[in-house]
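Take a look at the letters that make up each chain.
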Protein chains: 2
Amino acid sequence: MLNVVTIKDVKVKIGETCKQLRKSNNLSREELAETLDISRATIQNIEYGKNATLDNVLKVANHFGFLPYIFNEIDKANTSQNDISLY
Amino acid sequence: MLNVVTIKDVKVKIGETCKQLRKSNNLSREELAETLDISRATIQNIEYGKNATLDNVLKVANHFGFLPYIFNEIDKANTSQNDISLY
DNA sequence: TATATTTGACTAATATAATAGTTATTTATG
DNA sequence: CATAAATAACTATTATATTAGTCAAATATA
């Protein structure tokens with residue numbers, strides 16, 4: 001089987017990651033939200049894998065230090081001219 | 001110097017990547033927008049590095065085939081318990 | 001156990017991303 | 001050159017993400 005990654009998969013993964021990193025840093029949603037200058041409800045939505053704005057998701061990525069890795073992957077997709085596969 | 005990656009940097013990079021991959025696939029914004037079931041204006045905003053919804057950005061990533069790479073980076077940040085550096 | 005903190009699950013109001021249009025300019029094609 | 005296609009830059013409207021607020025249930029802490 002192919003096990004294709006879906007958009008929903010990515011959103012759920014973002015949510016799981018936010019929750020786990022928040023926990024391992026001993027932060028409540030309230031605290032993380034305040035630090036990132038967003039609301040507790042938005043953190044909750046992100047952790048639930050709901051749709052969100054790019055800005056808020058990137059704030060989370062930035063706070064937990066994996067923003068550069070995201071940047072690099074996009075840059076790679078760019079420079080390697082990732083045309084749509086014909087196969 | 002440190003050359004830190006900012007949230008704006010990532011948004012601009014996403015925009016550049018969308019534009020370049022769209023061009024290299026000989027697609028107009030109109031065509032890409034229709035394929036992804038979003039509007040031409042939204043594609044334009046993304047290419048300009050403006051804020052957008054996660055769903056729409058991931059649609060672009062999915063269409064040009066780098067959604068799994070995004071997924072993997074988030075998964076790595078997750079499993080390696082990327083605590084906030086003290087240094 | 002008692003108390004405090006955190007979380008899940010809502011609601012109503014607000015802010016803003018997305019949309020469908022339009023027009024002028026730029027770029028590609030005959 | 002002439003014409004078509006694509007893009008830049010707007011506007012007004014709609015859709016929806018964000019917010020502040022509440023309250024009950026779950027969890028952690030004294």
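Details of the structure are given in the entry above.
## Observations concerning unusual backbone geometry
Then, in step 1: Notably, Asn3 of chain A is not glycine yet its phi reads approximately 50 degrees, a positive angle.
Then, in step 2: Its place among the elements puts Asn3 of chain A in the segment before α1 (7–24).

## A look at the protein's contact with DNA strand D
Then, in step 1: The local shell around DNA strand D holds 18 residues, among which Thr42, Thr53 and Asn56 of chain A together with Arg22 and Arg29 of chain B are the closest.
Then, in step 2: A breakdown of the atoms of DNA strand D within 4 Å of the protein gives sugar and phosphate a share of 77%.
Then, in step 3: Within the contact set of DNA strand D, a phosphate oxygen lies 2.4 Å away from a side-chain nitrogen or oxygen of Thr42 of chain A.
Then, in step 4: Separating a phosphate oxygen of DNA strand D from a side-chain N or O atom of Arg22 of chain B is a distance of 2.6 Å.

## Here's the deal with the protein's contact with DNA strand C
Then, in step 1: Near DNA strand C there are 18 residues, and of these Arg22 and Arg29 of chain A together with Thr42, Thr53 and Asn56 of chain B occur at the shortest range.
Then, in step 2: In the environment of DNA strand C, a phosphate oxygen lies 2.8 Å from a nitrogen or oxygen atom belonging to the backbone of Ser39 of chain B.
Then, in step 3: Every element with two or more residues in the surface near DNA strand C is listed here: α1 and α3 (40–47) of chain A together with α3 (40–47) of chain B.
Then, in step 4: Here the residues of the surface near DNA strand C sort into 4 nonpolar, 7 polar and 7 charged.

## What to know about the interface of chain A and chain B
Then, in step 1: Contact residues are listed per partner, giving 41 residues for chain A and 41 residues for chain B.
Then, in step 2: Summing the contributions of chain A and of chain B, the shared interface buries around 4,100 Å²; its carbon and sulfur component is 65%.
Then, in step 3: Together, Ile7, Leu54 and Ile74 of chain A form the three largest contributors to the area buried by chain A at its contact with chain B, with a combined 15%.
Then, in step 4: For the pair chain A and chain B, the number of links is 4 salt bridges.
Then, in step 5: A salt bridge links Asp75 of chain A to Lys13 of chain B; the nearest nitrogen and oxygen atoms lie 2.6 Å apart.

## A short note on the relation of the copies chain A and chain B
Then, in step 1: The two copies are related by a screw operation: chain A maps onto chain B through 180 degrees of rotation and 0.0 Å of translation along the axis, at an RMSD of 0.0 Å. Here the copies are linked by what is in effect a two-fold axis. Minimal C-alpha separation from the rotation axis in chain A is found for Thr53 of chain A, amounting to 2.1 Å.
Then, in step 2: By residue overlap, the copies meet face to face through one surface: 100% of the interface positions of chain A are interface positions in chain B.

## Quick notes on the environment of Ile46 of chain A
Residues and elements named next belong to chain A.
Then, in step 1: Within the element layout of this structure, Ile46 appears in helix α3.
Then, in step 2: For Ile46, a relative accessible area of 3% puts it in the buried group.
Then, in step 3: A sequence separation of 10 residues divides Ile46 from Asn56, and the C-alpha atoms of the two residues are 8.7 Å apart.
Then, in step 4: Ignoring any residue separated from it by four or fewer positions in sequence, one finds Ile46 in contact with Lys11, Ile14, Gly15, Ala52, Asn56, Val57 and Val60.

Conventions and cut-offs
- Residues numbered from 1 in each chain as written.
- Chains lettered and ligands numbered in written order.
- Predicted model: local features only at pLDDT ≥ 70, side-chain atom pairs only at ≥ 80, totals over all residues.
- Heavy atoms only, no water.
- Helix = DSSP H or I, 4+ residues; strand = E, 2+ residues; numbered from the N terminus.
- Near = heavy atom within 4 Å.
- Polar contact = N/O pair within 3.5 Å; in protein donor to acceptor, adjacent residues only side chain to side chain.
- Nonpolar A, V, L, I, M, F, W, Y, C, P; charged D, E, K, R; others polar.
- Contact = heavy atoms within 4.5 Å.
- Buried area = accessible area lost by both parts, 1.4 Å probe.
- Salt bridge = Lys/Arg side-chain N within 4 Å of Asp/Glu carboxyl O.
- Least-squares fit on C-alpha atoms with pLDDT ≥ 70 in both.
- Buried < 20%, exposed > 50% of the residue type's maximum accessible area, 1.4 Å probe, protein only.

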